[in-house]
Amino acid sequence: MSFPRCTLLWARLPPGRQPGPRAAVCSALRAHAGPFPGTLGRVPAVACASSSASGGSKAPNTSLFVPLTVKPQGRSADGDVGAELTRPLDKNEVKKILDKFYKRKEIQKLSADYGLDARLFHQAFISFRNYIMQSHSLDVDIHIILNDICFSAAHVDDLFPFFLRHAKQIFPVLECKDDLRKISDLRIPPNWYPEARVLQRKIIFHSGPTNSGKTYHAIQKYLSAKSGVYCGPLKLLAHEIFEKSNAAGVPCDLVTGEERVTVEPDGKQAAHVACTVEMCSVTTPYEVAVIDEIQMIKDPARGWAWTRALLGLCAEEIHLCGESAAIDLVTELMYTTGEDVEVRTYKRLTPIFVLDHALESLDNLRPGDCIVCFSKNDIYTVSRQIEIRGLESAVIYGSLPPGTKLAQARKFNDPDDPCKILVATDAVGMGLNLSIRRIIFYSLMKPSINEKGEKEIEPITTSQALQIAGRAGRFSSKFKEGEVTTMNREDLSLLKEILNRPVDPIKAAGLHPTAEQIEMFAYHLPDTTLSNLIDIFVDFSQVDGQYFVCNMDDFKFSAELIQHIPLSLRVRYVFCTAPINKKQPFVCSSLLQFARQYSRNEPLTFSWLRRYIKWPLLPPKNIKDLMDLEAVHDVLDLYLWLSYRFIDMFPDASLVRDLQKQLDGIIQDGVHNITKLIKISEAHKLLNLQNSSERQSRLSGTVKSQTRRNHGTKTLGSKAAEPLGPGAGEKSLASRLVQQGLLTADMLKQLEKEWMAQQTEHGKGRTESGTSSKGTRRKKKEPDSD
């Protein structure tokens, strides 16, 4: 070995490992060239622990730490330097050393000091062992340590610095926990909005129940101001204020996630703007700001938007409208900003009464009734039963486009329209002006998603019940008092109990990590998926007692959906914040397709989108078709939402908006004829059921004849011919359906005719088949006929 190569090899040894004169050579080289990358050296364990042990008040949830893969080293171009300096390692001996290292309690305790709990320690060790055993050549420092341990020249504990280095490679969180805690520190949110902190804002809380005029008084201040912003929870409410403001001669723009409308002819921004709460600007100065439905600051998914508006709006006066349950929390939050809260209390303008009797039957419906259901299936059932009774009903539920909801509301409110009954979900509780005399709760059980993402069915809350019941007898409607009851008698006492409970005060306001915070997280954890970044961020985050981190399951769902698509972190973040209904497969696949097109740098043009949604679309023929059209409408909403974030890649927003209006009209016609669609869907189900029964009957006949042939008895044959399934001795299916109002006598006669026609055709087919088969058999018996 040449002297220069020998000197180089000696110099690559860790400090303190060079015997005799070599130490001086290495020291000289290190003084000249600095420390060699990748060498850790044998630092005393206690010193290591004192410098790197994790801090923080809360132990992280290590189950969120996903290990990265560290590939074993292949053959080096320089050869195995460690083997040249010492000798090749005996892998069997090395395995014994590693197993001994793993079992030492001192090592496990020291690892825990560095944040490696039992789970992480085990995973890190498995990876460390595989790395050493499968590598063709190891770094010189660890090779020499292992060699020394084999010859009892070093202790097995001397492996710990190398093990820790490997652990930090597969769990990079361990290296930067303190930095991550600082980034995810969500305490003192008021300091995030320096422009608002410069102002001494006047906070006015308009508190009262539904139909008390609280929002009216706030809007009057908004309209009389030189400039203002209205922040609402729904697009419908933003549209309503937009139209009212312009009708009153106050130029007002509209800003929602999917739409921007400027009223000035030159495109200049108006002094007033109506927007959804997520879209409000926290840097634009206003004279008056209105934040509607402030109690939604507690919403598990969207609460952060109300918190941001409350703390960040730069307005001289901020008017909050909502339930009294939010007063204490708002007062506490404003105390941290040094701002006082003036509370103005309002009482309901019209009386409302809870009836002492339930509706019990749809025969007891009256004009102005609204039946509130908590599932689409209930809406379809009730609408069909109302139609059977010769009445017309309007239908409103959450997934309908805003235009269709407004059209159904106008139909119900129109005194000249024969439609006098409304069937709706709790979507009527907010955003629509409806002339309702009586609210009827079809059920008091509502499906919900708990903190773990699990579906639960629980009674509605007092807040929800008051919000919905308050829609009856509104001040602006023709009914000067409202009534509330239930469909079923057994639910009435529970409704009274719910309405009489005090509303629980709101304890905390929602927060949400910003794109900048996630980017800083990703800088420290570059190989971690966005979904995993969010999990770690939420786990590391620290909040004051008045705040909570909002549920980010929808964000994570989208992140996992598009994880495999190559996008920059900022673009990926924007795609994941796009509002989608994850229960709609077509909408989810569209988000994926849009992201894929974006990653290829292929603009999503109007012609491409038309082909993608298979435009033109036909009017719905049944309920499934209607639901498919609603999903397409959501896809167009998604396109418009993205078009305002990526103008170049989604360039045809105006054309898509016109297309969406056409689709809205098709959906409106479908909802107008919803009872016909339900009837057709039920007929299809009944026909399928009839065909199924016919197949079952044939099967029974086959079993019976086979049994007779095999046993020659009538007993088994008669048993096989008995009706199958439960309820055989009960009323027929047709009788039950007629009794329940799901089947009319005319429909039953028509089904009977169709069934008889099918039987006749089947009989002819069997006769022809039998004749043909006899002829075939006859030919087989007469070979001379050939």
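Only a predicted model underlies this, so the values are computations on that prediction, with no experimental measurement involved. (Residues numbered from 1 in each chain as written. Predicted model: local features only at pLDDT ≥ 70, side-chain atom pairs only at ≥ 80, totals over all residues. Heavy atoms only, no water.)

Concerning the overall build of the chain
As a reminder, the rule being used: Under the DSSP-based scheme used, a helix requires at least four consecutive residues in state H or I and a strand at least two consecutive residues in state E, with every element numbered from the N terminus. Only protein chains enter the area calculation, which uses a 1.4 Å probe; residues under 20% of their type maximum are buried, those over 50% are exposed, and those in between are partly exposed. Should any heavy atoms of two residues lie within 4.5 Å, those residues are counted as being in contact. In these tables, accessible area is a Shrake-Rupley quantity obtained with a 1.4 Å probe, and a residue counts as shielded only by the protein chains included in the view.
The helix and strand inventory of the chain stands at 31 helices and 18 strands. Evaluated residue by residue, the chain yields a buried proportion of 47% over its 786 residues. Long-range contacts, defined as pairs at least 24 residues apart, comprise 75% of the intrachain contacts of the chain with a sequence gap of at least 6. Taken as a whole, the chain presents about 39600 Å² of accessible surface, with 54% of it coming from carbon and sulfur.

Re the packing of aromatic side chains
Aromatic ring pairs: the centre-centre distance and the angle between the two ring planes describe each pair. Put simply, the rule reads: Stacked, tilted and edge-to-face pairs are distinguished by plane angle, under 30 degrees for stacked and over 60 for edge-to-face with tilted covering the rest, among Phe, Tyr and Trp rings (Trp via its six-membered ring) whose centres lie within 6.5 Å. A ring is scored as having a charge over it whenever the NZ atom of a lysine or the CZ atom of an arginine sits within 6 Å of its centre and within 35 degrees of its normal.
Under the criterion given, the structure shown has 21 aromatic pairs. Here the aromatic rings of F575 and Y598 are separated by 5.7 Å at their centres, their planes lie at 75°, and the arrangement is edge-to-face. On the criterion of sequence distance, the pair formed by F575 in helix 23 (residues 569–577) and Y598 in helix 24 (residues 585–599) is long-range, its members being 23 residues apart. Residue classification places F575 among the buried residues on the basis of a relative accessible area of 0%. Members of the aromatic cluster, connected to one another through ring pairs, are F101, Y102, Y114, F121, F125, F128, F160 and F163. For R260, the ring lying beneath its charged end belongs to Y644, and the centroid distance is 4.3 Å. One residue, R645, lies across the ring of W641, its end atom 3.7 Å from the ring centre.

Topic: the pattern of salt bridges
Note the threshold: We count a salt bridge whenever a side-chain nitrogen from Lys or Arg sits within 4 Å of a carboxyl oxygen from Asp or Glu.
Applying the stated criterion to the full structure yields 28 salt bridges. The partner of R104 in a salt bridge is E106, and the shortest N-O contact between them spans 3.3 Å. A relative accessible area of 47% means that E106 is categorised as partly exposed. Counted as one network, the salt bridges with shared partners bring together K95, D99 and R129.

Re the nonpolar core
Here is the rule we go by: Definition used in this section: a nonpolar core is a set of buried Ala, Val, Leu, Ile, Met, Phe, Trp, Tyr and Cys residues joined via side-chain atoms within 4.5 Å.
Counting 176 residues, the largest nonpolar core has F575 and F594 as its most contacted members. Here the element with the most residues in this core is helix 26 (residues 623–643); it accounts for 12 residues. In contact with F575, not counting residues within four places along its chain, are I562, L567, L591, F594, A595, Y598, L642, F646 and F650. If you look at the next biggest cluster of nonpolar residues, it comprises 27 residues, including L236, L422, F441 and I498.

Observations regarding unusual backbone geometry
The step from W615 to P616 runs through a cis peptide bond, and the omega angle for that step is 5°. Unusually for a residue other than glycine, E293 sits at a positive phi of about 55°. Summarising the element assignment, E293 is placed in the loop between strand 6 (285–291) and helix 14 (303–312). One non-glycine residue, E360, lies in the positive phi region at around 70°. Structurally, E360 can be placed in the loop between strand 9 (352–354) and strand 10 (369–372). We classify E360 as partly exposed; its relative accessible area is 46%.

A word on the sheet that holds strand 7 (residues 314–322)
Within a sheet, each strand pairs with its neighbour through backbone hydrogen bonds, oriented either parallel or antiparallel. Defined as follows: Any two strands between which DSSP finds at least two bridges are classified as paired. Lines fitted to the C-alpha atoms define the axes, with helices restricted to the stretch that makes contact. Angles between their N-to-C directions range from 0 to 180 degrees.
Strand order in this open sheet of 8 strands is 4-3-5-2-6-7-1-8, and the pairing throughout is mixed. Lying at the two open borders of the sheet, with one neighbouring strand each, are strand 4 (260–261) and strand 8 (341–345). As paired strands, strand 1 (residues 202–207) and strand 7 are joined by 6 bridges and run parallel to one another. The partner of F205 across the bridge, within strand 7, is L320. Running over the sheet, helix 12 (residues 214–224) touches strand 1, strand 2 (228–232), strand 3 (252–255), strand 5 (272–276), strand 6 and strand 7 and is turned about 160° from strand 7.

Looking at the pairing of strand 12 (residues 421–424)
Note on strand geometry: in a regular strand, side chains alternate between the two faces of the sheet. So the rule is basically this: Handedness of a crossover is defined as follows: with both strands directed away from the viewer, a clockwise route from the first strand across the helix to the second makes it right-handed.
Residues of strand 12 alternate between two faces, with I421 and V423 on one and L422 and A424 on the opposite face, all of them buried. With 4 bridges joining them, strand 10 and strand 12 adopt parallel strand pairing. Bridged to I371 within strand 12 is V423. Each parallel crossover has a hand, and the one from strand 11 (residues 393–396) via helix 17 (residues 402–413) to strand 12 is right-handed.

So, the confidence of the model for the chain
Fine structural detail should not be taken from predicted coordinates in areas where pLDDT scores are low. What counts, and what does not: For every residue, the predictor reports its confidence as pLDDT, a number between 0 and 100.
With 79% of its residues at a pLDDT of at least 70, the chain reaches an overall mean of 83. Here residues 702–730 is a poorly scored stretch, pLDDT under 50, and it has 15 contacts once near neighbours within four places are set aside; other chains count. For residues 766–786, every residue scores under 50 in pLDDT, and the model assigns this stretch 1 contact once sequence neighbours within four places are set aside.

A closer look at helix 6 (residues 105–113)
How we decide: Arc, as used here, means the arc of the directions from the helix axis to the C-beta atoms.
Residues I107, L110 and S111 constitute the buried set of helix 6. Take helix 6 and look down its axis: the buried residues cluster within an arc of 105°, on one side only. Turned more than 90 degrees away from the buried face of helix 6, the exposed residues are K105 and K109. Looking at the residues trailing helix 6, positive phi occurs at G115, about 95°.

A few points about the sheet that holds strand 13 (residues 438–441)
What the 6 strands build is an open sheet, ordered 9-16-13-10-12-11; its pairing is parallel. Two strands close off the open sheet at either side, each with one partner strand: strand 9 and strand 11. Within the sheet, the average angular offset between the axes of one strand and its neighbour, ignoring direction, is 20°. Across the face of the sheet, helix 17 comes into contact with strand 10, strand 11 and strand 12 while running at roughly 150° to strand 11.

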